[in-house]
Amino acid sequence: MFLPISKHDMEARHWDQCDFVYVIGDAYVDHPSFGHAIISRVLEHAGYKVGIISQPDWKDPASVTALGRPRLGFLVMGGNMDSMVNHYSVFKHHRKTDAYTPGGLTGKRPDYATVVYCNLIRQSYKDIPILIGGMEASLRRLAHYDYWSDRMKRSILLDSQADLLLYGMGERSIVEAADALNAGLSVRDLTFLAGTVYRSKTTDQVVDGIILPDWRSVKEDKAAYARSFYTQYINTDPFTARPLIEAYEREFVIQNPPQPPLSEEEMDLTYDLPYENSYHPSYEKLGGVPAIREIKFSLSSNRGCFGGCSFCAITFHQGRIIQTRSHESILREAARMTQDPDFKGYIHDVGGPTANFRLPACEKQLTKGVCAGKQCLFPRPCRNLRADHSDYVALLRKLRALPGVKKVFIRSGIRFDYLLADKDDTFFRELVRYHVSGQLRVAPEHVSDHVLDLMGKPRNAVYERFVERYKKLCAQMGLEQYVVPYLMSSHPGSRLEDAIALAEHVRDMGYMPEQVQDFYPTPSTISTVMYYTGLDPRTMQPVYVARDPHEKAMQRALIQYRDPKNYALVFEALTRCHREDLIGAGPKCLIHPRKAARADGTKALAAGQRRTAEVKRPADQSKFSAEKTSAGQARAGKGQRSAASSKSPAERRSAARPRSAPGQKSGSRPGQAKKPPRRGGHGR
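Residues numbered from 1 in each chain as written. Predicted model: local features only at pLDDT ≥ 70, side-chain atom pairs only at ≥ 80, totals over all residues. Heavy atoms only, no water.

Observations concerning empty space enclosed by the protein
Point 1. Space inside the largest cavity adds up to approximately 340 Å³.
Point 2. Lining the largest cavity are 26 residues, and of these Pro258, Gln259, Pro260, His317 and Gln318 sit closest to its centre.
Point 3. The set of elements that each furnish at least two residues to the lining of the largest cavity consists of helix H7 (171-182) and helix H12 (314-317).
Point 4. For the lining of the largest cavity, a count of residues per class yields ten nonpolar, ten polar and six charged. (1 Å grid on protein atoms, 1.4 Å probe; cavity = no way out; pocket = protein on both sides within 12 Å on 5 of 7 lines; lining within 4 Å. Points joined across faces, edges and corners; volume = space filled by probe spheres on them. Helix = DSSP H or I, 4+ residues; strand = E, 2+ residues; numbered from the N terminus. Nonpolar A, V, L, I, M, F, W, Y, C, P; charged D, E, K, R; others polar.)

This is the structure in C-alpha cells:
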C-alpha cells in the first residue's frame with residue numbers, strides 16, 4: 001500500500017495526523033532506487049506515520065498544508081538529483097524532459113527546490129521542525145560554488161531556514177532524529193547525531209573540531225575555498241572524520257562526522273521493506289514516471305565507491321567504504337521481479353555506483369577507515385587492495401539460474417583497472433560471455449595522461465590493456481561485441497591540444513560517439529573546485545580551465561569531428577594548434593580541406609565563429625556519479641556523476657547513449673534503454 005498523499009488517504013488509515021510530512025521534488029515512486037521511498041519506509045518500519053506531498057505548487061503556500069500540520073516535523077528533499085542539474089544542461093539551457101515527473105513534463109519543481117519548499121513551509125508553520133536531506137542538501141551542506149549563478153553560496157541549511165540537515169544516505173540518522181523528537185527533545189538540541197549538520201550560536205559543545213575558513217574568506221578568496229573543500233573531502237570517513245565548523249556572521253554551521261556504514265543485515269532490511277516498486281497509480285493517466293522504466297528491473301547490489309574520480313560526488317555523499325546486500329536479499333527481489341507481468345526475462349543491471357565493487361578495498365577499512373589523502377586505485381592500485389570478484393561472480397551465477405531469467409546485464413559501470421588487478425580472470429570471462437548486450441560501456445573519459453591524473457582516473461595505457469584483453473576474449477568466444485567509451489570534453493586541465501589527441505583516439509576507434517559529456521561543474525566535487533578556483537585542492541597547484549564557451553565548443557566538436565556541422569569549429573581548433581597535418585585526405589586526417597578555407601583561412605575562421613551558436617548540441621549526460629545516480633539513475637549514483645552522476649538510474653546524471661558500434665543496430669538488444677542518472681549516487 002502506498003503511503004498517504006491526501007487527507008482522504010489518511011482517513012482510510014484512520015489517521016488524524018501524520019508524524020512526518022515528507023515534501024519531495026520528484027513524483028512519488030515507491031521503489032528503493034528513490035531516496036524518498038527508502039526514508040519513508042524506514043520511518044514507517046520504525047513505527048512513524050509518514051505522508052507524502054509530491055511536487056507541491058511552489059507559488060502557493062497552501063500546497064504544503066495539504067496533509068495538515070505534522071506532529072513531529074516536515075522532511076524536505078529536492079529530488080533524486082540536484083534540482084539545477086535536473087533543470088539545466090551544462091550549457092545552462094533548459095532540459096526538455098524531466099524523468100522524475102509524471103509524463104516527463106518539465107516545470108513541476110522550482111530551481112533550488114529544497115530552499116523554496118522550506119521557505120514555503122515556514123510561511124505557514126513558523127516553529128515546526130524542518131529536516132532536509134537528499135542529494136541537493138547533502139552536496140550543499142557547507143559553503144559551495146554554484147555553477148548556475150557562478151558564485152559562492154552559503155550552506156543550504158541557512159538559505160532554507162531548516163533546522164537540521166541529514167547528509168549521506170540517511171537511514172540511521174533519520175530514525176535517530178525521529179526518536180529524539182518523539183522523546184520530546186527540541187530540534188535545536190539535536191547536535192549530537194552523526195551524519196547531520198546543524199546551526200548553532202556557539203561551538204562550546206564541539207569536541208576536537210576543525211575550524212574551516214569562514215564564509216567571508218571562502219567567498220572572497222578562491223584559494224581559501226580550495227583549502228576548505230579539501231579539508232571537507234578528507235573528513236568524509238566515519239572512522240577518522242572530525243567535526244567541521246564554518247563561521248558565518250551571526251552563527252556557526254557545524255558538520256558532525258558521517259554515519260558508520262550499514263552492515264549487510266541493515267542493508268538487507270532497508271531493501272526488503274514493503275515497497276510497491278512502482279509509481280503512485282494517480283500518475284497512470286499522465287503516462288507514468290519515465291525514471292521507473294530503467295530501474296524497475298534493475299537490482300541494487302552495493303553502495304559507496306573507492307574509485308575516487310575527481311568529478312564524482314559519491315565520496316562526498318555515500319563515502320568510500322563499500323556496503324553490500326546479501327545474495328539472499330538480492331535473489332528475493334529478483335524472484336519477485338520475475339513475477340511482474342511486464343518482466344521479459346532480462347535483468348537490466350546488478351550493481352551500484354560501480355558494479356564490480358562488492359568488497360571493501362582492504363580489511364583495514366572496516367575497523368580503521370579509509371586512508372586520508374590517498375586513493376585505493378589512483379594513481380595505481382594500492383598494494384593492500386583486495387581485488388576479488390569471486391563474490392560477485394557467485395551472485396551473478398545464482399541470478400542467471402533463476403527460473404524466468406534469460407539474461408543478466410551489467411550496466412552501472414565496470415571499473416576496468418580494478419578488474420585488471422584481479423589475478424583471477426573468471427569474472428572478466430563471464431562478463432564477456434554472459435553480461436554484455438553487444439556493447440560494453442566503460443569510462444576511460446580521456447586519453448591524455450595529465451588530464452586523467454587530474455580526473456583521478458587510470459592512465460590511458462591501462463585502458464588500452466583492458467580493451468586489448470576484452471577483444472581477445474570476444475574473439476576466443478566468437479562474439480561480435482564492442483567497447484563503447486564514455487568520453488569527456490573540457491575537464492579542468494584539458495587544452496585544445498588534449499582535445500585533438502582525444503579526437504585522434506576517436507578516429508582510431510573507427511566510429512563517432514553520438515553524444516559527448518562536456519564537463520559539468522556540479523556541487524562538491526574536486527573537479528568543480530578546480531573549475532572555480534583554477535587550483536587542484538589536493539596540491540594547490542594551478543590548473544588550466546577552459547571557461548570560454550567558444551573553446552569548450554571546439555573541444556566538444558573535436559570528439560565529433562565527423563559531423564559536418566562541426567567542421568568550422570574543428571578547422572579552427574586544428575589551425576589554432578598548428579595541426580594542419582590533420583586537415584587533408586590522408587588516413588590519419590580528421591577533416592578534408594575546403595576551398596573556402598584554403599583560399600582565405602581568416603574568412604573561414606570568422607564563418608566558423610558565426611556558426612558556433614548554430615551548431616546542434618548533442619544531449620549531455622549528468623554523471624554525479626552519478627549519477628552516473630543511477631536512477632545516479634534513480635539509484636542515486638553514478639553519481640552526480642553525479643550523477644553524476646549523478647549519469648543517478650537516475651544521474652551520475654540522464655546518461656547519454658553513444659551511437660551503436662559497427663555491426664550493432666541501435667536498440668537491437670534488450671536491456672539497452674536510455675537510463676536516468678545512477679541510483680547509486682543520487683539517492684537519499
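The discussion continues.
Focus: the pairing of strand S12 (residues 252-255)
Point 1. Inspection of the sheet shows strand S9 (residues 196-200) paired to S12 by four bridges, in the antiparallel sense. Each residue of the ladder has a partner; that of Val197, found in S12, is Gln255.
Point 2. As paired strands, strand S11 (residues 244-247) and S12 are joined by four bridges and run antiparallel to one another. Paired with Ile245 across the strands is Ile254, a residue of S12.
Point 3. Counting the residues that bridge the hairpin from S11 to S12 gives four residues. (Pairing = 2+ DSSP bridges.)

Some remarks on a negative patch on the surface
Point 1. A grouping of Asp214, Glu220, Asp221 and Glu249 is seen on the molecular surface, where their side chains present a negatively charged patch.
Point 2. Tracing the backbone through its elements, the reader meets Glu220 in helix H8 (residues 215-220). (Patch = residues over 30% accessible without salt bridge, like charges linked within 9 Å, V, L, I, M, F, W, Y side chains within 5 Å. Areas by Shrake-Rupley, 256 points an atom, 1.4 Å probe, with all protein chains shown as cover. Salt bridge = Lys/Arg side-chain N within 4 Å of Asp/Glu carboxyl O. Lys, Arg positive; Asp, Glu negative; His and termini not counted. Charge placed at Lys NZ, Arg CZ, Asp CG, Glu CD.)

Notes on the pattern of salt bridges
Point 1. Across all of its chains, the model carries 37 salt bridges by this definition.
Point 2. Between Asp272 and Arg332 there is a salt bridge; the shortest N-O distance is 2.6 Å. Remark: Arg332 occurs in helix H13 (residues 327-338) and Asp272 occurs in the loop between helix H10 (264-271) and strand S13 (278-279); sequence separation between them is 60 residues.
Point 3. Overall, the relative accessible area of 30% leaves Asp272 in the partly exposed class.
Point 4. Through salt bridges with shared partners, a single ionic network connects Glu504, Arg507, Asp508, Arg579, Asp581 and Lys588. (Buried < 20%, exposed > 50% of the residue type's maximum accessible area, 1.4 Å probe, protein only.)

Some words on the pairing of strand S1 (residues 20-24)
Point 1. Across the five residues that make up S1, a large majority, five, are buried.
Point 2. Burial along S1 is two-sided: the face carrying Phe20, Tyr22 and Ile24 and the face carrying Val21 and Val23 are both buried.
Point 3. Relative to strand S4 (residues 73-77), S1 runs parallel, the two being bridged by five bridges. When the sheet's bridge partners are listed, Ile24 is paired in S4 with Met77.
Point 4. Taken together, the five bridges between S1 and strand S3 (residues 50-54) define a ladder with parallel strand orientation. Residue Ile24 lies in a different strand from S3, and its bridge partner there is Ser54.

Examining the side chain of Gln259
Point 1. Along the chain, the position of Gln259 falls in the loop between S12 and H10.
Point 2. Given the relative accessible area of 17%, Gln259 is considered buried.
Point 3. Ignoring anything within four residues of it in the chain, the contact list for Gln259 reads Arg172, Ser173, Glu176, Ala194, Gly195 and Pro238. (Contact = heavy atoms within 4.5 Å.)

Structural notes on the packing of aromatic side chains
Point 1. Applying the stated criterion to the full structure yields 27 aromatic pairs.
Point 2. Where Phe357 meets Tyr418, the ring centres are 5.0 Å apart and the plane angle is 80°; that geometry is what we call edge-to-face. With Phe357 in the loop between strand S18 (349-351) and helix H14 (365-368) and Tyr418 in helix H16 (residues 416-421), this pair connects stretches of sequence that are 61 residues apart. Summarising the burial analysis for this pair, Phe357 and Tyr418 share the class buried.
Point 3. Look at Tyr567 and Phe571: their rings are 6.2 Å apart centre to centre, the planes differ by 20°, and that puts the pair in the stacked class. Placement of the pair is Tyr567 and Phe571 together in helix H23 (residues 567-576), with a separation of four residues, close to one helical turn.
Point 4. Assessed through its relative accessible area of 9%, Tyr567 is described here as buried. (Phe/Tyr/Trp six-rings, centres within 6.5 Å; stacked < 30°, edge-to-face > 60°.)

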